[in-house]
Structure formats: structure tokens, C-alpha cells
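Descriptive analysis of the structure
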Amino acid sequence: MSRSRRAWDQAWKLALAAVIILPLYALPLLYLVGVSFQTPSQFLRDPLSLPHPFTPGNYPTAWVEGDFGQYFINSVIYTASATLMSVLFAVFIAFPIARRYVRGGSVIYSLFLAGFFLPISIVPLFIEAEKLGLYNTQWGYILLHLQLGLTLGVLFFVGYFNNIPKELDESAQLDGCGYFRYVTQILIPLSTPALVTVAIYSAVATWNDLIGPVVFLATNSYFPLTRGLFSFYGQYESDWTLLAAGVLIVAMPLILAFGFIQRYLVRGATAGALKL
Amino acid sequence: MTSVGASPPPSVAALPARAAGGRLRPYRTPAALAMGPGVAAYLLFSIVPAMGTFLVSLTNYSGIPGMPVEFVGLSNFANMIGNASSGFGVSLETTFVFALAVTVVQNVAALGLAVLLRNRFPFVGLLRSLIFLPAALGVTINGILWLLIFSPSQGPAAGLLGMFHRTSAFFGSPSLALPLVIFVQIWANVGFTSLVYLASMDNIPHEIFEAAQMDGASRWALFRHVTYPLISSAATVNILLAAVGSMNVYDIIYVLTDGTNNTSTLGIYMFNTSFEGSGDLGLGAAVSVMMFLFTLIVALPLQWLLRRREVSV
């Protein structure tokens, strides 16, 4: 293929991709941004026009009315705790399996592999939550979200730890380094890429879970952002300018974090998918 | 000089003593003990509930406190399948339409996008990010975004139709709601599918293309006989994930329609049976079991069929 033909080839592909993707993925969000800066009366008159006068006041109003501060703190607590705990647990499970330090390691491994092929168990999980006193409690909500990080983490880490030489354990032990110190100060720093990939996967899933809070939480002040936003939507369905501001307030941290998390989401997804 | 030889480092001095005693057992006991909490959490919150699904499906568990729980055998299944008014048959049909449409369209669209987004211009990176953004925004934001766009009274889609003097209830329309839900599901997931195709295309050695081009292969022949066979393992994964995922989905439907207007798939039917109104947890678990069986019935032969067609580089 000649040089100019190849350039032309790439140009039309790019143009076609832009014509398909921009209206479907950028425009809806930009539209919401526009609405969020309008006054209600302008929105009713001409919703598709640019904000005039420019009204940033919808944001503070939505923040207060929607109680997003409280929900945001809850989401951070749930996501951070569940992710940290599940990744740490997964490391301590995966390492002895990778090293064959325990008998029956392969059985435990298959048990985690089976985690991807189990029936949807929201019903028994709800019954279990009630029986164990986890229903409508914050720490219960955290425990109920360990599952994904654990399953994914064990499978991912066993493969990763296999590439860390066994001699490292032995020399650390010769130097009198205890097991917990070895894992936290040597193994974990060496495995950062794998840990971050699983952590981000688990964090995004926990942060964005809507069914969880619908089923396991009843008290308003325990709601994470997803459930809070959904209630806000139900309450202000006709107040569009406020609603648009609320949606963008909730979306903003995700859009800001996206630049960072995207790489890991893609890496985790493609690595997992291509290995399957 | 003598002082250096006289005092060797303490760790070297300690080494032979320990090794000779045979005490060096590499972390076996603490490693085994430290697995405990994680394994317990996994058993408690994954394996027990999964087994519990089968058990609860055989009871009349109602979710109302104080109601006696009885073992009712297979009567939940009998009611669900035998009683036409249970909603199970309709949901099964809806799930079939939903899953088939999503699996086919999502994969075709993702493959098309992957071909368009294969090169590495700076702007291409932005487009790749944009189609993947819904994966980070999550079902709540994705759902509300499209509810607003397709709001029958104030939304921009209604405004657009209004120019042609038409109106629609969109998600409130019995005929349009399902196609729109299918659209939102594909919109949210096509980015992931596309990136998996892109990753596998990047793995194809460039020489293969050049050799084929030198032999005068047409653009279609190149795709059909070179690219496609080599990305077929990505296709297997994408088709399986889309099929299994769409058969079991209910969170996005919960946000968009809650199963109204002919959008009741098995997933949302299971969810509403279990948790809405008085709540029939026994029946809900029975629907879960059926969904599990359908997933196996579809996924296992599909995987076998797809794997057979794969070619490795």
C-alpha cells in the first residue's frame, strides 16, 4: 500500500469512528453539563441552548439537597475497607498456594476458580446477612463486598507469585525475617502491579454497586453514592437542572479517576479475558 | 587487616548452625494459618450462599419475619413453570431476545470499532477512552443519563422527535422499552468488548499481513482469512462473556424500567419476586437456579463450538 493511500485509509477510519462515538458518548454528558448550568426557567423555555445566564448555583444546592457529602464518605469507607481487606486476604491465600506450602492448595484454588461459575446468590446472601446481624450495618456491608476482590485476587496472584523466585523466601528467612514481615515488606512491594489491578477492579465494582445497598441497607445515612443518587433521581425527577448537577457531582470523581484507573481496568480485563 | 578476618558478619556465622539443625522450614505453619480469615470469608460469602440458593429454592421462605419456613420440595419450580401467570415464561422469552440481541450486536459493533480504532493517533486514544468510560461510571449514572436523554416530556430525544411532530414514551412504551434497554446495555459494554478485540489484534505479527498483502489479498480477504482466524480466541471470550452477562443482568434494568413494559428478563424477575412487595425468597431462589441451568445450557455448548474454530498464531 502506498504511503498516501495508507494515510487516507487512516483518516477516514478516524473520521468515521469520531462520527459514531462522539454523539453517543460525549454528547449526552456535555448535554447534562449544559443543563446543569441553566436556570429552571431557561431549561423549560429552551433546554438545548447554552446556559444563559450561567448558573453554577445548581451544584451547591444539589450537594446539600442530595446529602451527597454523607453518601460520598460512606462510599469511600465501604470501597476502601472492602478493597484493602479482600486484596490482603487474597495475598495471604495465594502465596502458600503458589509456593505449595500447604497441602490441598490446588483444591482451594479450584474452589476460587468455581467462584466464577456459581449461581446468582443474592437471595441466600440476604437471608445470611439477616441471620448473622450484617443486615443494615456498615461493617456488614463491607464484609458482603469482599467476594469479588477475593475471587479475582487469588486467581490473579497465584500466577503472579509463581514468577517471584522461591530463593527470596529462603534468604529472607535465613536473615530472620518473620512471615508477616516478609509478605508485607518484601512480597507486596514486589507485586504492586498485580495488586493495583485487582484492587481497582474490586474498588470500581464496590463503588458502583447499586443492588447491594438496595438489598442490604435500609437506613438513609448508611447509603453509598449510587443509592443516594438513585433516591435523589426519584425525588427530583422533574427538577432537571438540579438533577443534572447531582448526576455530574457523582460522576465527577469517577471521570477524574478514570485517567488513572482506565489503564488497570483494561489491563485486568484483557489479561483475564485472553487467558480464559 | 587481622581485625576484619577475626569478626565475620553475624548472619554468616549463624547460618551453618541453623542449616545443620534442619530447622529451616520455609514459612509453612504461619503461611497456612494466615490463609484462615480469607478462606473463611470466601466460604461464608461465596460458597455457602451459592449452595444456599439450591436449598432455599426448595422452601417457602417468605422474608416476612415470624413466618414459618417449610420444606416444599419442587413446588416452587412446578408453580413457576406450570402456572402461566407466574411471569416465568414471558421472562424467559424476554431474556432470550435480550441476550441474543446484545451478544450479536455488541460483538459486531465492537469488532467494527476495533477495526476503526486500530491505529495510534493521539485522538484515537481519546475515542478509545470514551467508549470505555461507561465501565467506570457504573449502572446508576449510565441508567439515569439515558433516562434523562429519553425522558418523554423534557428530554432531548423527545425534542428531536417533536421536530417531526412525533412523540414517544420511550422507556414507558411497551414496544420501545426493550430495544432501548438493549441499546443501553450494549452502549455500556461495547467498549470493553472492543478493547479485548483490539488487544488481540495487537498480538498479530505484522509480517503475516505484509505477506498476505504481497500475495494480493483484498481488504475483505485479509480480514476474513487473516485477522478473523487470529482473533477468534478473543471472539470466544467476548461472545461467552456477552452471552452469560446479558442472560444474568438485572441492575441496569432495575434502574431503567424495573422490568415494566415488557422488559422483565429472568434476572429482574428473580429480583422483584424476591425483594419487592411481600417477597417470595423461595421462588426467587428457584428462579436463580433456573438461570444457572440456562447459563450452563447455553455457555457449555457455545464454548465447545467456538473453541473448535479457533486457530493459534
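Predicted model only: the values in this text are computed from it and were never measured. (Residues numbered from 1 in each chain as written. Chains lettered and ligands numbered in written order. Predicted model: local features only at pLDDT ≥ 70, side-chain atom pairs only at ≥ 80, totals over all residues. Heavy atoms only, no water.)

Moving on, we get to the overall build of chain A. Along its length, chain A carries 14 helices and zero strands. For chain A, the succession of helices and strands along the chain, N to C, is α-α-α-α-α-α-α-α-α-α-α-α-α-α. Referenced to the eigenvectors of the C-alpha coordinate spread, the extents of chain A come out at roughly 75 × 70 × 40 Å. Considering chain A as a whole, with its 276 residues, one finds that 52% of them fall into the buried category. Look at the contacts in chain A between residues 6 or more apart in sequence, and 72% of them connect residues 24 or more apart. As presented, chain A carries roughly 12,700 Å² of accessible surface, and 66% of it is formed by carbon and sulfur atoms. Between the centroid of the 15 positive side chains of chain A and the centroid of its 13 negative side chains there is a distance of 15 Å. (Helix = DSSP H or I, 4+ residues; strand = E, 2+ residues; numbered from the N terminus. Buried < 20%, exposed > 50% of the residue type's maximum accessible area, 1.4 Å probe, protein only. Contact = heavy atoms within 4.5 Å. Areas by Shrake-Rupley, 256 points an atom, 1.4 Å probe, with all protein chains shown as cover. Lys, Arg positive; Asp, Glu negative; His and termini not counted. Charge placed at Lys NZ, Arg CZ, Asp CG, Glu CD.)

Turning next to the overall build of chain B. The helix and strand tally for chain B stands at 15 helices and zero strands. For a compact globule of 313 residues, the expected C-alpha radius of gyration is about 20 Å, and chain B comes in at 28 Å, more than 25% above that figure. Expressed along its principal axes, the backbone C-alpha trace of chain B runs to roughly 100 × 75 × 40 Å. A total of 313 residues make up chain B; the buried ones form 50% of that total. Considering only contacts in chain B between residues 6 or more positions apart, those separated by 24 or more positions represent 66%. When the accessible surface of chain B is totalled, it reaches about 14,900 Å², and 68% of it is carbon and sulfur. (Rg over C-alpha atoms; globule rule 2.2 N^0.38 Å.)

Contacts between chain B and chain A engage 93 residues on the former and 97 residues on the latter. Each partner contributes to the roughly 8,500 Å² buried at the junction of chain B and chain A, and carbon and sulfur atoms together form 77% of this total. For chain B, the biggest contributors to the area lost against chain A are Tyr27, Tyr42 and Phe45 of chain B; these three give 10% of the whole. Taken together, chain B and chain A are joined by twelve residue pairs in polar contact (both at pLDDT 80 or more). At 23 residues, helix H7 (residues 122-149) of chain B tops the list of elements feeding residues into the side of chain B that touches chain A. Within the side of chain B that touches chain A, the residues separate by chemical class into 67 nonpolar, 19 polar and seven charged. (Buried area = accessible area lost by both parts, 1.4 Å probe. Polar contact = N/O pair within 3.5 Å; in protein donor to acceptor, adjacent residues only side chain to side chain. Nonpolar A, V, L, I, M, F, W, Y, C, P; charged D, E, K, R; others polar.)

Residues Phe96, Val97, Leu100, Val104, Val105 and Val108 of chain B make up a contiguous nonpolar surface patch of about 550 Å² in total accessible area. Its location among the elements puts Phe96 of chain B in helix H6 (residues 88-116). (Patch = residues over 30% accessible without salt bridge, like charges linked within 9 Å, V, L, I, M, F, W, Y side chains within 5 Å. Salt bridge = Lys/Arg side-chain N within 4 Å of Asp/Glu carboxyl O.)

Looking now at helix H4 (residues 68-99) of chain A. The terminal C-alpha atoms of H4 of chain A, which comprises 32 residues, lie 46 Å apart, in line with the 46 Å expected from a rise of 1.5 Å per residue. After H4 of chain A finishes, the residue Arg100 of chain A shows a positive phi value of roughly 55 degrees. (Expected span 1.5 Å × (residues − 1).)

A few words now on the nonpolar core. One finds Ile21, Ile122, Phe157, Phe161 and Phe216 of chain A to be the most contacted residues of the largest nonpolar core, which totals 178 residues. Among the elements that make up this core, the one with the highest residue count is H7 of chain B (16 residues). Looking at this core, you find at least three residues from each of domain 1 (3-59) and domain 2 (67-235) of chain A. Those residues within four positions of Ile21 of chain A in sequence are excluded, and the remaining contacts are Ala26 of chain A together with Leu113, Leu117, Leu127, Leu130 and Ile131 of chain B. (Core = buried A, V, L, I, M, F, W, Y, C linked by side-chain atoms within 4.5 Å. Domains from an automatic or database assignment.)

This part takes up the pattern of salt bridges. The final tally for this structure, using the stated rule, is three salt bridges over all chains. Two residues, Lys13 of chain A and Asp9 of chain A, come together in a salt bridge whose shortest N-O distance is 3.8 Å. Separated by four residues within a single helix, Lys13 of chain A and Asp9 of chain A lie in helix H1 (residues 3-36), roughly one turn from each other. Overall, Lys13 of chain A belongs to the buried group, its relative accessible area being 17%. A relative accessible area of 10% places Asp9 of chain A in the buried class. For Arg219 of chain B, the salt bridge is made with Asp9 of chain A, and the minimal N-O distance between the two is 3.0 Å. Remark: Asp9 of chain A occurs in helix H1 and Arg219 of chain B occurs in helix H11 (residues 219-230); the pair is interchain, linking two chains.

With respect to the helices and strands, Ala285 of chain B occurs in helix H15 (residues 281-308). Once the C-alpha coordinates of Ala285 of chain B and Met270 of chain B are considered, the two residues, 15 residues apart in sequence, prove to be 7.4 Å apart. Those residues in contact with Ala285 of chain B, other than ones at most four positions away along the chain, are Val123 of chain A together with Thr53, Val56 and Ser57 of chain B.

Another point: the packing of helix H14 (residues 266-275) of chain B against H15 of chain B. Residue and element names in this part refer to chain B. Closest axis-to-axis distance for the H14/H15 pair is 7 Å, and the angle between their directions is 160 degrees. Relative to H15, H14 is oriented roughly antiparallel. As for how H14 packs across H15, the hand of that crossing is left-handed. Contacts between H14 and H15 pair Leu266, Gly267, Tyr269, Met270, Thr273, Ser274 and Phe275 from the former with Leu281, Leu283, Gly284, Val287, Ser288, Met291 and Phe294 from the latter. (Axes fitted to C-alpha atoms, helices over the stretch in contact; angles between N-to-C directions. Parallel < 35°, antiparallel > 145°, perpendicular 65-115°, else oblique. Left-handed = near helix turned anticlockwise from the far one by under 90°.)

The next point concerns the side chain of Ser264 of chain B. All names here are of chain B. With respect to the helices, strands and loops of the structure, Ser264 is situated in the loop between helix H13 (251-256) and H14. Here Ser264 falls in the buried class, since its relative accessible area comes to 19%. For Ser264, the side chain forms a polar contact with the side chain of Ser91, separated by 3.1 Å. Those residues in contact with Ser264, other than ones at most four positions away along the chain, are Val90, Ser91, Thr94, Gly259 and Tyr269.

Turning to the domain arrangement of chain A, a few remarks are in order. By domain assignment, chain A separates into domain 1 (3-59) and domain 2 (67-235). Distance from the C-alpha centre of domain 1 of chain A to the C-alpha centre of domain 2 of chain A: 38 Å.

This next bit is on the packing of helix H9 (residues 167-174) of chain A against helix H10 (residues 179-190) of chain A. Residue and element names in this part refer to chain A. Where H9 contacts H10, the axes come no closer than 12 Å and their chain directions differ by 150 degrees. Accordingly, the angle class assigned to the pair H9 and H10 is roughly antiparallel. Note on packing geometry: the crossing formed by H9 with H10 is right-handed. Residues Leu168, Asp169 and Ala172 of H9 pack against Tyr182, Ile186 and Leu190 of H10. Here the contact of H9 with H10 is composed, by residue class, of five nonpolar, no polar and one charged.

So, on to the packing of aromatic side chains. Per the counting criterion, the structure on display carries 37 aromatic pairs over all chains. Residues Phe54 of chain B and Phe292 of chain B carry aromatic rings whose centres are separated by 5.9 Å and whose planes lie at 80 degrees to one another, so their mutual orientation is edge-to-face. Of this pair, Phe54 of chain B sits in helix H4 (residues 36-56) while Phe292 of chain B sits in helix H15; the two residues are 238 residues apart in sequence, bridging distant segments of the chain. Classification of Phe292 of chain B by relative accessible area gives buried; the value is 17%. Connected via pairs of aromatic rings, a cluster forms that spans Phe92, Phe95, Tyr101, Phe157, Phe161, Tyr179, Phe180 and Tyr182 of chain A together with Tyr27 of chain B. (Phe/Tyr/Trp six-rings, centres within 6.5 Å; stacked < 30°, edge-to-face > 60°.)

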